[in-house]
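# Examination of the molecular architecture
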Amino acid sequence: MGEIRISWRVWLSILGIIVLVLPSCGPGGAPATQQLPPIKIGHIGEYTGFVGIYGAPQKAGIEYALDEVGWQIAGRKIELISEDGASDPATAVEKARKLAEVDKVDIIIGPLLGGSYEAVTAYLQGPGTPMLSLMMMGVGLGEKLKDGTYKNVFMSSAPIPAIGYALGRYAYEKAGYRTASLLDADYPAGWEFNGGFQVGFEELGGKVVQRQKIPMGTIDFAPYISSIDKTVDTVVYFLPGNALLFHKQYYAAGMKIPLMEPDRDSMLDSELQQLGDNVLGLVGSGVWSTLVDSPENKAFVDGWVTKNGNLPEIHNDAGYAAAKVFLKAVEYTKGDTSHQAIINAMHNIEVKIPRGKQKFDAMGIGNSDIYIFEVVKVEGRNDWKPIATYPQKIIWQYPMEASK
Amino acid sequence: MALDLLNAISYAMILFLVAAGLSLILGVMGILNLAHGAIFMIGAYVGLTLATSGNNWLLSLFVAGICAGIVGLAFERAFLSRLHKKLNEQVLLTLGLVYVVDNLVRWIVGPIRMIGNPPSMISGAVNIGDLLFPSYRFLLIFVGVITFLSLWLFEAKTRTGAIIRAGMEDKEMTIGLGLNYGLISTSVFVLGATLAGFSGFLATPIVGAYLGMGLDILLLALIVVVVGGVGSVKGAFLGAIVIGLIDSLGKSYFPDLALFMIYLVMIIILMIRPQGILGTQG
């Protein structure tokens, strides 16, 4: 047998190939999947402006969901890019443009503010980036989903009046109220929450005898409180950002008429503690609280407390739920984050999130049940306990004024 | 109606306490201090932080005012004393300070809204006929009136007050007479800041403490100064009463006009009497 001779050039070539290939094969090398580009989640939260207290807890909720999967799914790393929508539609659109065109994110979560969300959805019809709301949105946007104008937009639950509608029905059939005075924050969400209440309440025979429209940014509610018709059975208010002030001034004025809040989310849980025992018995509607009885919610709340040392807030849940929905969609597509793949997946997935099962209908509207909550004392803190559940009903039309 | 009037006057007293300092600083020093609202916010957060930690309410009020005064002194010495007669620079700098303070509060306290409690002895409501009125608002009216009388007497009846008035008429002549007008100007600035700090905490059971409150209150205080007249304690008081009444009664009786009624009044007064109701020309 002849001796095989390998020249030094061949040895160097073989060694070079081994050096190049080894990192992707051995246990100590980087996996081949890391070569894939990261999945990018864009978040527009309100960190400043009149609803500027909600952005940070939303982001924390998204991060918590990403922590659960180790910031990686379907073999791809995940990046979160969070921007400040500044409670302002024009700013939110600027941030959406940056997220969609510069960062090229795979989905945009938020913003919370209805006007900002609608402005961003309109802009995103260009780039086509899928978009998921954190909370319920307005009827105007719902109609665009209904008629098929927007195919890349998803609402976590039915348009806003559905939330108020459930409370209106509860007020009549369970609480036994027959008359109500309404205070609307004077912008579309305010009209819609209370308009939904009026539909549900009056459908059963109740009567809304008074509706006061309160300009945004009002800090002294005394003139409105003194104008409330004192003969009504309940006072219903929607005053996002300023619910705490309203409550304080309402009780300070010696008012005893029971309050109802058609969006319990408008007051942070930390604010609820500041109202002490006065707020016990307050009834409101919404989609989540720490006391919702489900295995997913228990796991979420317990895990959050272990990690952060405090209970999650509603906006932590909103961020967490939105991220969970997106992660499920990516899992469904096996890592394909093209816009159309994500949109198709969103219509086909069912996700168990703390508030219940989340599924989207053909329009892109989520199916959350509506809970009626009552503020109770639990382990020394004020918290929202579910006392009734209503299936959501989409309300496309609602009144703007009290009944004559 | 009585209830509406009381609500309006109590709200006006908060406006007066903020606007009085702003007006004096503008009148005496010629400084448009847009950071005045931020100082109001510092008073609110400092006082609330102390009060919610179990400290005595009066002590919290006192410390809130003192802290605000110290911050005011720092602003004046470090920045504003170098910007005499430079209105553009004053506006830019003090507006920038608003954002600096806002972000510092966000950093230290977090983006949470806080609300104060009145002292326990006046936390209830008082019967007025068939209606109830919060006792705390009576305290606000009392404090507002006492502060007005004190400032007015100080301005009208004391030697220092006479120097202040003289300085507002002719600053150069006042300095030329050998009076230490610089010290008096700085003192007025600190007094205004201290008042803003006091009122920031006093207002917390009504308006709470939140990010951005400095600009909200500043806007209203500026309207009060424009309506009442610059540099006049009486003008600030009258302006606050006018704006408080129009804002509160407007919301009760003309809710559709509530949003712009105070601006309308300001425009009308600027057209008829540009120097404000009690302001002097020049």
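Refer to the structure presented above.
Reading guide: rules and limits
Residues numbered from 1 in each chain as written. Chains lettered and ligands numbered in written order. Predicted model: local features only at pLDDT ≥ 70, side-chain atom pairs only at ≥ 80, totals over all residues. Heavy atoms only, no water. Helix = DSSP H or I, 4+ residues; strand = E, 2+ residues; numbered from the N terminus. Rg over C-alpha atoms; globule rule 2.2 N^0.38 Å. Buried < 20%, exposed > 50% of the residue type's maximum accessible area, 1.4 Å probe, protein only. Contact = heavy atoms within 4.5 Å. Lys, Arg positive; Asp, Glu negative; His and termini not counted. Charge placed at Lys NZ, Arg CZ, Asp CG, Glu CD. Buried area = accessible area lost by both parts, 1.4 Å probe. Salt bridge = Lys/Arg side-chain N within 4 Å of Asp/Glu carboxyl O. Arc of directions from axis to C-beta. Pairing = 2+ DSSP bridges. Axes fitted to C-alpha atoms, helices over the stretch in contact; angles between N-to-C directions. Phe/Tyr/Trp six-rings, centres within 6.5 Å; stacked < 30°, edge-to-face > 60°. Parallel < 35°, antiparallel > 145°, perpendicular 65-115°, else oblique. Nonpolar A, V, L, I, M, F, W, Y, C, P; charged D, E, K, R; others polar. Core = buried A, V, L, I, M, F, W, Y, C linked by side-chain atoms within 4.5 Å. Expected span 1.5 Å × (residues − 1).

### So, the overall build of chain B
Along the backbone of chain B there are twelve helices and two strands. Along chain B, from the amino end to the carboxyl end, the secondary structure elements read α-α-α-α-β-β-α-α-α-α-α-α-α-α. A globule of 282 residues ought to have a C-alpha radius of gyration of about 19 Å, and chain B, at 19 Å, matches this closely. Looking at chain B residue by residue over its 282 residues, the buried ones come to 52%. Summarising the internal contacts of chain B: among those between residues at least 6 apart in sequence, 76% fall at separations of at least 24. The averaged location of the 12 negative side-chain charges in chain B is 8 Å from the averaged location of its 14 positive side-chain charges.

### Quick notes on the interface of chain A and chain B
The interface is formed by 24 residues belonging to chain A together with 27 residues belonging to chain B. Interface of chain A and chain B: buried area, both sides summed, is about 2300 Å²; carbon and sulfur atoms make up 57% of it. Counting the surface chain A buries against chain B, the share from its top three residues, A:I219, A:D220 and A:K248, is 23%. For the pair chain A and chain B, the interface holds one salt bridge.

### Looking at helix 6 (residues 159-169) of chain B
Residues and elements named next belong to chain B. Those residues of helix 6 not exposed but buried are G161, I163, I164 and G167. Looking down the long axis of helix 6, one finds its buried residues gathered within 160° of arc, a one-sided arrangement. Every exposed residue of helix 6 that faces more than 90 degrees away from the buried side is listed here: R159 and E169.

### Points about the sheet that holds strand 9 (residues 234-238) of chain A
Remark on secondary structure: sheet strands pair via backbone hydrogen bonds, oriented parallel or antiparallel. Residue and element names in this part refer to chain A. The strand order 8-7-9-10-11-14-15 describes an open sheet built from seven strands, whose pairing is mixed. The open sheet has two edge strands, strand 8 (207-214) and strand 15 (381-390), and neither has a second partner. Neighbour-to-neighbour, the strand axes of this sheet turn through a mean angle of 25°, independent of strand direction. By the bridge criterion, five bridges tie strand 7 (residues 179-185) to strand 9 in an arrangement that is parallel. When the sheet's bridge partners are listed, L183 is paired in strand 9 with Y237. Here helix 7 (residues 188-203) sits on the sheet in contact with strand 7, strand 8, strand 9 and strand 10 (259-261), set at roughly 165° to strand 7.

### Concerning the packing of aromatic side chains
Within a pair of aromatic rings, the relevant descriptors are the distance that separates the centres and the angle that separates the planes. All names here are of chain A. Taken as a whole and assessed by the stated rule, the structure comprises 24 aromatic pairs over all chains. Relative to F300, the ring of W288 has its centre 6.1 Å away and its plane inclined at 65°; by these criteria the two rings are edge-to-face. A residue pair is termed long-range when its members are at least 10 positions apart, and W288 in the loop between strand 11 (283-286) and helix 11 (295-308) and F300 in helix 11 qualify at twelve residues. For the pair shown, W288 and F300 are each scored as buried. Here the aromatic rings of Y371 and F373 are separated by 5.7 Å at their centres, their planes lie at 40°, and the arrangement is tilted. Here Y371 matches F373 in class, with each residue buried.

### So, the environment of B:A221
Residues and elements named next belong to chain B. Looking at the secondary structure, you find A221 in helix 10 (residues 213-228). Each C-alpha atom of the pair A221 and I14 lies 9.5 Å from the other, and the pair is 207 residues apart in sequence. Those residues in contact with A221 that sit more than four places away from it in its chain are V18, A19 and L22.

### Focus: the pairing of strand 14 (residues 370-378) of chain A
Residues and elements named next belong to chain A. With four bridges connecting them, strand 11 and strand 14 associate as antiparallel partners. If you follow V283 over to strand 14, its bridge partner there is E374. As defined by bridge partners, strand 14 adjoins strand 15 across nine bridges and the pair is classed as antiparallel. Bridge pairing links K377 to N382 in strand 15. Remark: two residues form the turn of the hairpin made by strand 14 and strand 15, two consecutive strands paired antiparallel; E379 in that turn has positive phi of roughly 50°.

### A closer look at the packing of helix 1 (residues 2-29) of chain B against helix 10 of chain B
Axes are the key here: two packed helices are described by the angle between their axes and the distance separating the axes. All names here are of chain B. In contact at an axis separation of 8 Å, helix 1 and helix 10 are set at 75° when each is read in the N-to-C sense. Here helix 10 runs roughly perpendicular to helix 1, going by the angle between their axes. Residues Y11, I14, L15, V18, A19, L22 and S23 of helix 1 pack against I217, L218, L220, A221, L222, V224 and V225 of helix 10. In terms of residue class, the contact of helix 1 with helix 10 is built from 13 nonpolar, one polar and no charged.

### Focus on the nonpolar core
Within the largest apolar cluster, 186 residues are counted, with the highest numbers of intra-cluster contacts made by A:M346 and B:F16. Tallying contributions element by element places helix 1 of chain B first for this core, with 17 residues. Here B:F16 is in contact with B:G144, B:T147, B:F148, B:L151, B:V233, B:A236, B:F237 and B:A240, once residues within four sequence places are set aside. In terms of nonpolar packing, the next biggest core, distinct from the first, is built from 23 residues, A:I81, A:V93, A:V105 and A:Y150 among them.

### Structural notes on helix 8 (residues 181-202) of chain B
Across its 22 residues, helix 8 of chain B extends 31 Å between first and last C-alpha, which sits within 8% of the 32 Å expected from 1.5 Å per residue. Of all 22 residues in helix 8 of chain B, 16 are buried, a share of seventy percent or more.

### Looking at the sheet that holds strand 2 (residues 72-73) of chain A
Residues and elements named next belong to chain A. In space, the six strands of this open sheet follow the order 2-3-1-4-5-6, with mixed pairing throughout. Of all strands in the sheet, those with a lone pairing partner are strand 2 and strand 6 (153-154), marking the two edges. Contacts from helix 2 (residues 55-68) reach strand 1 (39-45), strand 3 (76-84) and strand 4 (107-109), with the element oriented near 160° to strand 1.

### Here we look at the environment of A:L145
Residue and element names in this part refer to chain A. Its place among the elements puts L145 in helix 5 (residues 139-146). The exposure class assigned to L145 is buried, which follows from its relative accessible area of 2%. It is 9.0 Å that separates the C-alpha atoms of L145 and M155, two residues lying ten residues apart in sequence. Other than its neighbours up to four places away in sequence, L145 contacts Y150, V153, M155, M363, G364 and I365.

### A closer look at the side chain of A:D263
Considering the arrangement of structural elements, one finds A:D263 in the loop between strand 10 and helix 10 (269-274). In contact with A:D263, other than residues within four places in its own chain, are A:F193, A:F238 and A:S285.

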